[in-house]
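Topology and contacts: notes
Listed below are the residues making up each chain.
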Amino acid sequence: MDFKIAVLPGDGIGPEISRQGVDVMSAVCEKFGHKVDYKYAICGADAIDKVGDPFPEETYETCLWADAVLFSAVGDPKFDNNPNAKVRPEQGLLAMRKKLGLFANIRPVETFKCLIHKSPLRSELVEGADFICIRELTGGMYFGEKYQDNDKAYDTNAYTRPEIERILRVAYEYAGRRRKHLTVVDKANVLASSRLWRQIAQEMAPQYPDITTDFMYVDNAAMRMIQEPRFFDVMVTENTFGDILTDEGSVITGSMGLLPSASTGEKTPVFEPIHGSWPQAKGLDIANPLAQILSVAMLFEYFNLTEEGALIRRAVNASLDADVRTPEIQVEGGAKYGTKAVGEWIVNYINNA
Ligand code: IPM
Ligand code: MN
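Residues numbered from 1 in each chain as written. Chains lettered and ligands numbered in written order. Predicted model: local features only at pLDDT ≥ 70, side-chain atom pairs only at ≥ 80, totals over all residues. Heavy atoms only, no water.

**With respect to the overall build of the protein chain**
The cut-off we apply is this: Helix numbering and strand numbering both begin at the N terminus, where a helix is a DSSP run of H or I of at least 4 residues and a strand a DSSP run of E of at least 2. Values of the radius of gyration come from C-alpha atoms, whereas the globule rule sets the reference at 2.2 Å times the count of residues to the power 0.38. Any two residues whose heavy atoms approach within 4.5 Å at even a single point are treated as in contact. Method for areas: the Shrake-Rupley scheme with a 1.4 Å probe, in which residue coverage is limited to the protein chains shown. We score Asp and Glu as negative and Lys and Arg as positive, and we do not count His or the chain ends. Where a charge sits is defined by one atom per residue type, namely NZ (Lys), CZ (Arg), CG (Asp) or CD (Glu).
Counting its secondary structure elements, the protein chain contains 13 helices and 12 strands. Whereas a compact globule of 353 residues would reach a radius of gyration of roughly 20 Å, the protein chain reaches 20 Å, a difference of no more than 12%. If you take every contact in the protein chain between residues at least 6 apart in sequence, the share linking residues at least 24 apart comes to 75%. Accessible area of the protein chain: about 15500 Å², with a carbon and sulfur share of 50%. The distance from the centre of the 38 positive side-chain charges to the centre of the 50 negative ones in the protein chain is 1 Å.

Structural data, given as structure tokens:
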């Protein structure tokens, strides 16, 4: 296949991990005889500094040109503590999601055997946990009507039937390919929007007779995720609940730096790590490139190129087994590897596979 890839390195450690992702992409394409053409585009704080807009029109055009976007991270501390900032890097991410119609955010929570001891949970609880959180990404409070004055403020958690139906369909498709268990997470005991979600899910469930659908309140789900993470196979939820639960999900595996994600929908899909821009580590060559590299695996798998994806996953597992690891997951007394060295080791593995 001929790939056109938009590369959006963004801020902080973004450019460093982006480079490793691109090198892995190129190595796999070379190996399997795919052509790949990259176009780079700016976003986030970098784009605010350069053109005053965190998701400029030109970047949007580049995304539309591409078959897939390889995104890294946005965010810069100089905006965090400034409530008067007119534009923020995060708005670039939200604009990208909205303009590309990326309504389905797929966040797999997988454990890596050799890292389970890093989990804040006891190993016997987290061992074998393997679920996917499907987060609705273009609706809810993030995009609903907002208001703020000095004495009053609100965000509206609005959802329409078509928005709920399409994300549930994605969730059922994933559940059908996995262990056939879908958990719909909501707050239907309090919120009208959740009651509509639940009603629509109950209407749709009979269309998927081989899949078990259950319903769970979000507070209970947050608890269940740390009590019994193996309970879950596919969970689906609205934007804000999904934001919160996926941060929780990403740390129970012991390795936030290892989790990739895909955002798909109406236009070009985006593949990115779950973690943020980690500005304190910028330029230090210590950030873990594996989440970015695994997001390249998800990219290939999205195009049904499963062998390509599997090779990347094998290479990542081999690097962990060989103790080729960035500092935060380094084995005690082991050799030190930086962002670049880990990426190069993986490229080398792919070239020699
Ligand atoms: C995420 C992030 C974003 C979100 C921020 C950076 C706007 O936390 O992708 O989960 O809240 O969606
Ligand atoms: Mn988040």
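**A closer look at helix α13 (residues 339-352)**
Stated precisely, the cut-off is as follows: To estimate how far a helix should extend, the number of its residues minus one is multiplied by 1.5 Å. With a 1.4 Å probe rolled over the protein chains alone, any residue whose accessible area is under 20% of its type maximum counts as buried; one over 50% counts as exposed, and the rest are partly exposed. The arc under discussion is defined with respect to the helix axis, by the directions toward the C-beta atoms.
Taking 1.5 Å per residue, 14 residues should reach 20 Å; α13 reaches 20 Å between its end C-alpha atoms and fits that length. Of the positions making up α13, those classed as buried are Thr339, Val342, Gly343, Ile346, Val347 and Ile350. Each buried residue of α13 sits inside an arc of 135 degrees when the element is viewed along its axis, so together they form one side. In this fold, the buried residues of α13 make contact with α1 (14-32), α11 (290-302) and α12 (306-321).

**Structural notes on the packing of α1 against α11**
We count it as follows: Angles here are taken between N-to-C directions and fall from 0 to 180 degrees, while the axes themselves are lines fitted to C-alpha atoms, restricted in helices to the stretch in contact. An angle below 35 degrees is treated as roughly parallel, one above 145 as roughly antiparallel, one from 65 to 115 as roughly perpendicular, and anything else as oblique. Each helix crossing is assigned a hand: it is left-handed if the near helix lies turned anticlockwise from the far helix by less than a right angle, otherwise right-handed if that turn is clockwise.
Orientation of α1 relative to α11, taken along the N-to-C sense of each, is 40 degrees, at an axis distance of 8 Å. Considering the angle they form, α1 stands oblique to α11. Between α1 and α11 lies a crossing of right-handed hand. Packed against α1, whose contacting residues are Ile17, Ser18, Gln20, Gly21, Val24, Met25, Val28 and Cys29, the element α11 presents Gln292, Ile293, Val296, Leu299 and Phe300 at the interface.

**Brief notes about the pattern of salt bridges**
Convention followed: Put simply, a salt bridge is a Lys or Arg side-chain nitrogen that is within 4 Å of an Asp or Glu carboxyl oxygen.
One pass over the structure, following the stated rule, counts 19 salt bridges. A salt bridge links Asp46 to Lys50; the shortest N-O distance between them is 2.8 Å. Note that Asp46 and Lys50 are positioned in helix α2 (residues 44-51) at a spacing of 4 residues, about one turn of the helix. Looking at Lys50, the relative accessible area reads 57%, which means it is exposed.

**Quick look at the side chain of Arg325**
If you trace the backbone, Arg325 turns up in the loop between α12 and α13. Residues within four places of Arg325 in sequence aside, it is in contact with Cys114, Leu115, Leu320, Gln330, Val331, Tyr337 and Val342.

**Focus on the pairing of strand β3 (residues 68-73)**
The line we're drawing: Between any two strands, at least two bridges found by DSSP are needed for them to pair.
Counted residue by residue, β3 has 6 buried out of 6 residues, so it is predominantly covered. Of the strand pairs in this sheet, strand β1 (residues 2-10) and β3 are connected by 5 bridges, and their pairing is parallel. If you follow Leu8 over to β3, its bridge partner there is Phe71.

**Thoughts on the pairing of strand β12 (residues 270-273)**
Here β12 shows a buried face lined by Val270 and Glu272 and a second buried face lined by Phe271 and Pro273. Here β3 runs beside β12; their pairing, made up of 2 bridges, is parallel. Bridge pairing in β12 places Val69 opposite Val270. Remark: 5 residues form the turn of the hairpin made by strand β11 (residues 260-264) and β12, two consecutive strands paired antiparallel.

**Observations concerning the site of ligand 1**
Condition: We call a residue near a molecule or strand whenever a single non-hydrogen atom of that residue lies within 4 Å of it. Counting of polar contacts relies on pairs of N or O atoms within 3.5 Å, with two restrictions inside protein: one atom must be capable of donating a hydrogen and the other of accepting it, and residues adjacent in sequence are counted only when both atoms are side-chain atoms.
Taken together, Glu90, Leu93, Arg97, Arg107, Arg135, Tyr142 and Asp243 make up all the residues around ligand 1. Within the contact set of ligand 1, an oxygen atom lies 2.9 Å away from a side-chain nitrogen or oxygen of Arg107. Among the elements that take part in the shell around ligand 1, helix α5 (residues 89-99) stands out by supplying 3 residues, more than any other.

**Here we look at the sheet that holds β3**
Spatially, β2-β1-β3-β12-β11-β4-β5-β10-β8-β9 is the arrangement adopted by the 10 strands of the open sheet, whose pairing is mixed. Edge positions in the open sheet fall to β2 (35-40) and β9 (212-217), since each of these has one partner strand only. Taken over all neighbouring pairs, the strand axes of this sheet differ in orientation by 25 degrees on average, direction set aside. As paired strands, strand β4 (residues 104-110) and strand β5 (residues 130-136) are joined by 7 bridges and run antiparallel to one another. Bridge pairing in β5 links Ile106 to Ile134. Along the sheet, helix α3 (residues 57-65) contacts β1, β2 and β3; its crossing angle with β1, the most-contacted strand, is approximately 150 degrees.

**Observations regarding the state of the cysteines**
Stated formally: The rule for a disulfide is simple: a pair of cysteine sulfur atoms within 2.5 Å.
Within the structure shown, the criterion is met by 0 disulfides. Cysteine Cys43 remains unbridged, with the sulfur of Cys63 as its closest cysteine sulfur at 8.2 Å. Assessed through its relative accessible area of 2%, Cys43 is described here as buried.

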